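Letter by letter, the chains look like this.
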Amino acid sequence: MRLHITKTPKCYVGGSFIRSEGGRVAPLCDAKGTFFANIPLCTRKDLRNAVEAAAKAGPNWAGRSAYNRGQILYRLAEMLEARTPEMTEAILIGGGSRAKANREVVASIDRIVHYAGWTDKFPALLGSVNPVASSHFNFTVTEPMGIIGIIAPDDVPLLGLVSLVLPAITGGNSVVTLASNKQPYPAILLGEMLATSDLPGGVVNLLTGQRDELIPTFASHAHLRGVTAVADLVERQALQNGAADSVKRLKLIAVEDPMDWYSESAQGLYEIRDHLELKTTWHPIGG
Amino acid sequence: MRNSLGLRSLIEEIGGVDQVGIDERVAKYATRSIKKHAKVFGLKLATTMVDLTTLEGKDTPGKVASLCQKALRPHDDSDIPPTAAVCVYPAMVKHAAKLLKGTSVKIASVATAFPSGQSSLKIRLAEVRAAVSDGADEIDMVINRGAFLAGELARVQDEISAVLEACGEATLKVILETSELETYDNIRAASFLAMRVLRPGDFIKTSTGKTSANATLGNNQVMLEAIRDHFLATGVEIAMKPAGGIRTAKEALHFLVAVKETLGDAWLNQDRYRFGASALLNDLVRQMVKEKTGVYQAPYTFSESTTAY
Amino acid sequence: MHSPKRTARPVARELLFGNLWEYDAAPESSPAFIDASYGLFIGGKWVAPKTRKTFYSISPRNEEKLSEIALAGAADVDAAYQAAAKAFPAWSKLPGSERAKYLFRIARLLQDRAREFAVAETLDGGKPIKESRDFDLPMAAAHFFYHAGWADKLNYVTPGRVLEPLGVVGQVIPWNFPLLMLAWKLAPALATGNTVVIKPAETTSITALKFASILQDAGLPPGVINIVTGAGDTGAAVVNHPLAAKIAFTGSTAVGKSIQRALAGTGKRLTLELGGKAANIVFEDAPIDQAVEGIINGIFFNQGHVCCAGSRLLVQESIANQVLSKLKIRMKSLRTGDPLDKNTDVGAINSRAQLDRIHELVASGVAEGAELYQPVCELPHKGFYFPPTLFSKVSQSHRIARDEIFGPVLSILTFRTPEEAIEKANNTHYGLSAGVWTDKGSLILKMSNELKAGVVWANSYNKFDPSSPFGGYKESGFGREGGKQGLLDYAKLKATF
């Protein structure tokens with residue numbers, strides 16, 4: 001019998017697969033307690049590097065046509081669909097039934113497809129031409145905020161993460177994401193799918209690590225223009241305190257409030273809007 | 001093609017004008033509050049700047065004569081000064097000259113196939129010479145708008161030069177007929193075309209008064225700014241005359257505010273600024289009498305009033 | 001007879017803006033009807049402050065006392081919140097069409113008494129009467145009128161979701177546009193069905209307090225709007241009250257940050273409209289005179305007490321001298337002085353403290369080597385005044401190019417290419433607004449795309465409208481005021497499926 005080759009889990013940053021710069025890992029065991037793999041414990045420096053990568057990738061991503069971004073997101077759904085069994089296994093490491101794991105993968109794929117169709121529509125719904133009283137043409141358009149930090153929930157490790165990342169990148173932002181603490185492996189696998197999805201490297205950066213170690217840096221890093229997090233009260237306080245220094249936009253989902261990630265209300269236009277700025281331009285009308 | 005390029009490159013050289021911006025600027029002039037002494041001073045100043053005008057087919061020597069009397073003595077009150085000039089058709093110049101020669105009131109004559117200018121250059125120049133020899137101190141000419149809009153800028157300018165020569169010592173006022181140039185960019189360009197051949201003290205003027213749109217604070221402002229820019233670049237002081245449509249003392253004061261705040265004190269006199277108007281004079285007089293007596297006046301009590309009701 | 005004027009004078013080509021025709025003083029004579037003292041407006045009634053403390057509001061135009069204002073303490077703020085909470089159920093359940101009628105009424109009553117309010121605004125805040133009369137008051141009324149129309153149309157705002165009110169909203173507003181900021185805050189909050197506790201700035205409480213009488217005349221149910229007056233401590237009590245579902249703040253970035261910290265972990269919503277250091281960018285093909293006018297309006301409007309003031313002028317190098325000399329000419333005809341005079345263009349600085357700050361920053365500009373220009377003008381002996389000021393030879397690192405001065409002080413920098421202009425314009429932690437002047441349409445749209453600012457004025461500056469969303473990027477805050485977008489900051493979204 002052949003000994004199978006195990007995969008070394010790596011984080012996906014700037015389009016490359018990296019180990020933590022601190023060299024620390026945490027063992028990941030399956031539901032039965034059997035060792036599965038070592039997961040990188042990213043540090044604040046890894047987070048910093050990921051922000052740099054996101055900053056590098058952001059302008060190009062934001063500048064692509066909405067149609068192009070839509071196709072790339074759809075391609076991501078294709079990649080995930082093709083590897084549904086593999087992703088289902090990844091979720092099963094955290095326990096639960098196969099049917100439930102499969103349901104989460106399918107819902108995640110559908111969520112990605114949902115957002116793939118939004119890229120060329122949300123600007124028309126969220127922007128406006130404003131009927132000002134003076135002789136000016138006045139219009140409001142949406143723009144991406146920039147780099148968004150995302151802190152994913154521990155449960156529903158794939159669907160939760162996808163539900164937070166997709167609206168941000170649909171809007172043209174680049175993201176730095178901290179995956180589920182308890183079940184990081186689906187995020188590791190998602191990184192491999194992102195790498196083959198035509199999504200430019202650096203648009204989505206996926207880190208694994210300890211929440212308490214990284215949240216202070218998510219809060220204080222001034223280059224992160226927004227943070228979206230599923231967090232407990234202490235974490236929310238830390239994020240809000242740190243965010244004040246750079247007037248960062250926060251979207252905080254209380255972990256103690258029940259959240260149905262499968263619901264249609266967990267997706268849509270207003271999730272995209274949460275990661276956008278509005279810009280209003282005035283121009284005179286005259287000869 | 002080459003010709004319209006000429007207009008475009010001229011506008012590029014002198015800079016364009018934003019219409020909404022100009023209109024916003026001049027709206028602020030109308031919010032200036034001119035009270036008490038400043039009001040009396042402004043009304044008097046405006047009176048001294050009036051080119052009291054009659055340009056009608058039905059004008060007669062008699063009508064011109066009474067206009068000249070009005071210009072010399074707008075009201076019984078001798079505190080009210082004479083106007084700058086009377087402005088008449090060439091055929092009326094000699095009748096005006098009988099009353100005005102030797103007085104402070106000048107004789108201005110429209111010429112050059114006013115108001116359309118649609119006659120040969122030769123005839124237009126002959127008209128100018130005739131008016132000057134009949135005694136006109138000032139000639140109000142119209143530019144060739146057709147040539148301007150067709151981009152024949154050199155022709156427009158050459159014609160102005162030719163009229164200038166025909167004027168001799170007489171002051172020239174170049175009417176742009178702003179309503180036919182339509183855009184502020186064109187008005188600014190035409191102002192520069194004229195100013196570049198004019199002598200210090202010659203005028204640029206908005207309109208003939210014979211089209212639907214006449215002097216406005218907007219086109220006045222565009223031309224004042226052109227005069228300012230030309231002065232700062234060359235040192236040549238060109239004078240300005242808005243004409244037509246200014247009927248009330250209040251409007252005239254708004255125009256003077258524009259002069260004060262754009263060109264400053266050196267243009268606040270009849271050598272540098274005029275109003276081409278007829279009804280305006282009586283409203284100025286009426287307001288001055290009101291300031292003196294404190295009583296609002298009925299318009300028909302003033303001589304030459306056309307208001308009967 | 002024509003010979004004297006036929007010779008071009010070889011003198012220096014300078015325009016003389018002298019006193020040949022000096023405007024006489026034209027003081028606005030309408031009465032402001034300011035009471036000798038004001039209490040707190042809580043639950044539809046005037047109440048004495050439980051602190052038993054008061055403070056005086058003085059007029060910056062001559063430092064005279066205008067009125068004695070109640071100082072609200074924590075207990076007073078609590079009473080205001082209780083009143084607002086009590087009013088909330090009925091107000092929020094009122095049909096939108098009925099809420100609209102109250103707002104329409106308020107707009108109309110404000111128009112009726114516009115002159116009186118304008119005079120009060122000028123006396124209390126120091127802004128020129130022509131601005132309070134022609135801008136602040138009409139715009140405040142327009143905000144109520146605009147938002148009134150939204151109250152029964154909220155179902156059209158967010159497809160797939162319905163807007164629901166948040167509850168009691170706490171609002172803290174600044175002193176630069178006292179009544180207008182009040183209107184910006186109250187109108188959308190009321191239209192969406194919230195009730196409000198609002199605190200005006202301590203130096204400019206009077207028009208807010210006068211506004212209470214309009215609420216009474218409009219028959220607005222008691223407690224829907226509660227007005228508490230005081231300084232920073234009162235503001236902190238408004239921000240920290242547990243009944244507040246949301247805080248809306250307009251003011252300095254420093255205070256905004258402290259509010260964001262104070263709300264950590266409370267779950268209260270927050271919108272911030274903070275400071276700015278806007279770039280006004282002039283390209284060589286711009287309509288220069290209108291650009292100059294826009295620059296003047298951009299920095300000297302309201303003495304520069306404007307968060308979106310165009311305080312950094314970026315001029316393309318090829319026209320820098322021309323623009324500078326035209327600015328100097330234009331500044332000569334600006335009239336600085338008594339704000340109550342109808343011909344005053346630049347009025348009084350709002351407070352002694354603000355005047356001191358302007359003096360300090362201008363001194364730093366001189367010390368750092370920038371070149372200062374101020375037109376000759378005689379300032380009143382009493383009151384707080386500062387002449388229109390222009391700094392040339394300024395670099396990006398100078399404090400006057402980086403710090404928000406909030407006064408009539410303009411810094412001029414130059415650039416060569418659009419890229420350089422964008423870099424310089426975006427090189428700030430602020431991002432509220434920007435101006436672009438060029439004749440080239442495609443360049444305007446490119447600049448508008450690249451500028452990190454919530455409002456971009458092309459060939460214009462300092463334009464506002466209730467239908468036009470206003471608010472910043474980066475450290476200029478978050479949230480929008482005005483337009484359909486502004487409504488969402490006063491509502492929660494409920495799924496319709």
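Residues numbered from 1 in each chain as written. Chains lettered and ligands numbered in written order. Predicted model: local features only at pLDDT ≥ 70, side-chain atom pairs only at ≥ 80, totals over all residues. Heavy atoms only, no water.

### Here we look at the overall build of chain B
Operational definition: A run of H or I in DSSP counts as a helix once it spans at least four residues, and a run of E counts as a strand once it spans at least two, with each numbered from the N terminus. Each radius of gyration is computed over the set of C-alpha atoms, and the globule rule expresses the reference value as 2.2 Å times the number of residues to the power 0.38. Residue burial is assigned from relative accessible area. The probe radius is 1.4 Å, only protein chains are included, and a residue is buried under 20% of its type maximum, exposed over 50%, and partly exposed in between. Contact between two residues is taken to exist if any of their heavy atoms lie within 4.5 Å; hydrogens are not considered. Note that accessible areas follow from Shrake-Rupley with a 1.4 Å probe, and for residues the cover is restricted to the protein chains shown.
Summing up its helical and strand segments, chain B has 13 helices and eight strands in all. Over its C-alpha atoms chain B spans a radius of gyration of 19 Å, differing by no more than 12% from the 19 Å that the globule rule assigns to 309 residues. Seen through its principal axes, chain B has C-alpha atoms that stretch 60 × 45 × 35 Å. When each of the 309 residues of chain B is scored for burial, the buried share is 60%. Contacts spanning at least 24 positions in sequence make up 76% of the contacts within chain B whose residues lie at least 6 apart. Element-wise, carbon and sulfur atoms account for 53% of the exposed surface of chain B, whose accessible area totals about 11600 Å².

### Quick word on the interface of chain A and chain C
Note the threshold: Two parts lose some accessible area (1.4 Å probe) when they are put together, and adding that loss for both gives the buried area. In what follows, salt bridge is the name for a side-chain nitrogen of Lys or Arg lying within 4 Å of a carboxyl oxygen of Asp or Glu. Contacts described as polar in this section are N or O atom pairs within 3.5 Å, which, within protein, must combine one atom able to donate a hydrogen with one able to accept it, while residues neighboring in sequence count only if both atoms come from side chains. Residues are grouped as follows: nonpolar covers Ala, Val, Leu, Ile, Met, Phe, Trp, Tyr, Cys and Pro; charged covers Asp, Glu, Lys and Arg; every other residue, Gly included, is treated as polar. DSSP-based pairing: two strands are paired if at least 2 bridges between them are found.
The interface of chain A with chain C comprises 39 residues on the first partner and 46 residues on the second. On the chain A side of the interface with chain C, the three residues burying the most area are Val-247, Tyr-270 and Trp-282 of chain A, jointly 21% of the side's total. Note that Asp-245 of chain A and Arg-261 of chain C form a salt bridge whose closest N and O atoms lie 2.5 Å from each other. Across the contact surface, chain A and chain C share 28 residue pairs in polar contact (both at pLDDT 80 or more). Looking at the side of chain A that touches chain C, the elements with two or more residues in it are α5 (122-126), β6 (136-144), α9 (233-244), α10 (269-273) and β12 (276-284) of chain A. Here the side of chain A that touches chain C is composed, by residue class, of 14 nonpolar, 15 polar and 10 charged. Pairing between β12 of chain A and strand β18 (residues 455-458) of chain C: three bridges, direction parallel. The partner of Thr-281 of chain A across the bridge, within β18 of chain C, is Val-456 of chain C.

### A look at helix α10 (residues 288-300) of chain C
All names here are of chain C. Selection rule: Expected span of a helix, by definition, is 1.5 Å for each gap between consecutive residues, and there is one gap fewer than residues.
If you check α10, its first and last C-alpha atoms are 18 Å apart, about what 13 residues at 1.5 Å a residue would give, namely 18 Å. With 13 of 13 residues buried, α10 lies mostly within the body of the structure. Positive phi shows up at Asn-302, right after α10, with a value of about 55°.

### Things to note about the domain arrangement of chain C
Residue and element names in this part refer to chain C. Let me state the cut-off plainly: Just so you know, the domain bounds were taken from an automatic or database domain assignment.
Along its sequence, chain C is carved into domain 1 (37-274 + 475-495) and domain 2 (279-465). With centres defined by C-alpha atoms, the gap from domain 1 to domain 2 works out at 30 Å. Taken together, the contact between domain 1 and domain 2 spans 31 residues of the former and 34 residues of the latter. Summed over both sides, the interface between domain 1 and domain 2 buries roughly 2700 Å², with carbon and sulfur atoms accounting for 57% of that surface. Viewed at the interface, domain 2 and domain 1 are joined by three salt bridges. In this assembly, domain 1 and domain 2 are joined by 16 residue pairs in polar contact (both at pLDDT 80 or more). Of all the secondary-structure elements, those providing two or more residues to the side of domain 1 that touches domain 2 are α4 (114-125) and α5 (129-150). Top element by residues in the side of domain 1 that touches domain 2 is α5. It accounts for seven residues. Here the side of domain 1 that touches domain 2 is composed, by residue class, of 12 nonpolar, 10 polar and nine charged.

### Points about the sheet that holds strand β1 (residues 37-38) of chain C
Residues and elements named next belong to chain C. Here is the rule: Axis lines are fitted to C-alpha atoms, over the contacting stretch for helices. Their N-to-C directions set the angle, which ranges from 0 to 180 degrees.
If you walk across this open sheet you meet the three strands as β1-β5-β4, and the pairing is mixed. Each edge of the open sheet carries a strand with a single partner, namely β1 and β4 (54-58). Judged from the two bridges that link them, β1 and strand β5 (residues 65-70) form a sheet pairing that is parallel. Bridging from a neighbouring strand, Ser-37 pairs with Glu-68 of β5. Packing of helix α7 (residues 206-218) onto the sheet brings it into contact with β1, β4 and β5, and relative to β5 it is tilted by some 65°.

### Points about the environment of Pro-90 of chain B
All names here are of chain B. By secondary structure assignment, the location of Pro-90 is in the loop between β2 (85-88) and α5 (93-100). Classification of Pro-90 as buried rests on a relative accessible area of 15%. Aside from chain neighbours lying at most four places away, what touches Pro-90 is Ser-109, Val-110, Ala-111, Glu-127, Ala-131 and Asp-134.

### Let's talk about the interface of chain B and chain A
When the parts of a complex come together, some accessible area is lost, and that lost area is often taken as the interface size. If you look at the interface, chain B gives four residues, while chain A gives six residues. Taking both partners together, chain B and chain A bury about 380 Å²; carbon and sulfur atoms supply 59% of that area. In terms of surface lost to chain A, no three residues of chain B exceed Asp-18, Gln-19 and Val-20 of chain B, which account for 74% of the buried area on that side. The tally of links from chain B across to chain A stands at zero salt bridges. At the surface where chain B touches chain A, the tally comes to zero residue pairs in polar contact (both at pLDDT 80 or more). For the side of chain B that touches chain A, the per-class residue count stands at one nonpolar, one polar and two charged.

### A short note on the packing of aromatic side chains
Residue and element names in this part refer to chain C. To keep it simple, the criterion reads: In summary, the pairing rule links any two rings of Phe, Tyr or Trp, Trp by its six-membered ring, whose centres are within 6.5 Å, and it sorts them by plane angle into stacked for under 30 degrees, edge-to-face for over 60 and tilted for everything else.
A full pass over the atoms with the stated rule returns 25 aromatic pairs over all chains. Taking the centre distance of 5.6 Å and the plane angle of 55° together, the rings of Trp-91 and Tyr-102 count as tilted. Remark: Tyr-102 occurs in helix α3 (residues 96-112) and Trp-91 occurs in helix α2 (residues 74-93); sequence separation between them is 11 residues. Seen in terms of ring centroids, Phe-283 and Phe-415 are 5.2 Å apart; in terms of plane orientation they differ by 80°. Their pairing is edge-to-face. Here Phe-415 lies in strand β16 (residues 409-415) and Phe-283 lies in the loop between β12 (279-282) and α10, a separation of 132 residues in the sequence. Per residue, the accessibility class of Phe-283 equals that of Phe-415, and both read buried. Taken together, the ring pairs connect Phe-135, Phe-177, Trp-184, Phe-301, Trp-457, Tyr-461, Phe-464 and Phe-470 into an aromatic cluster.

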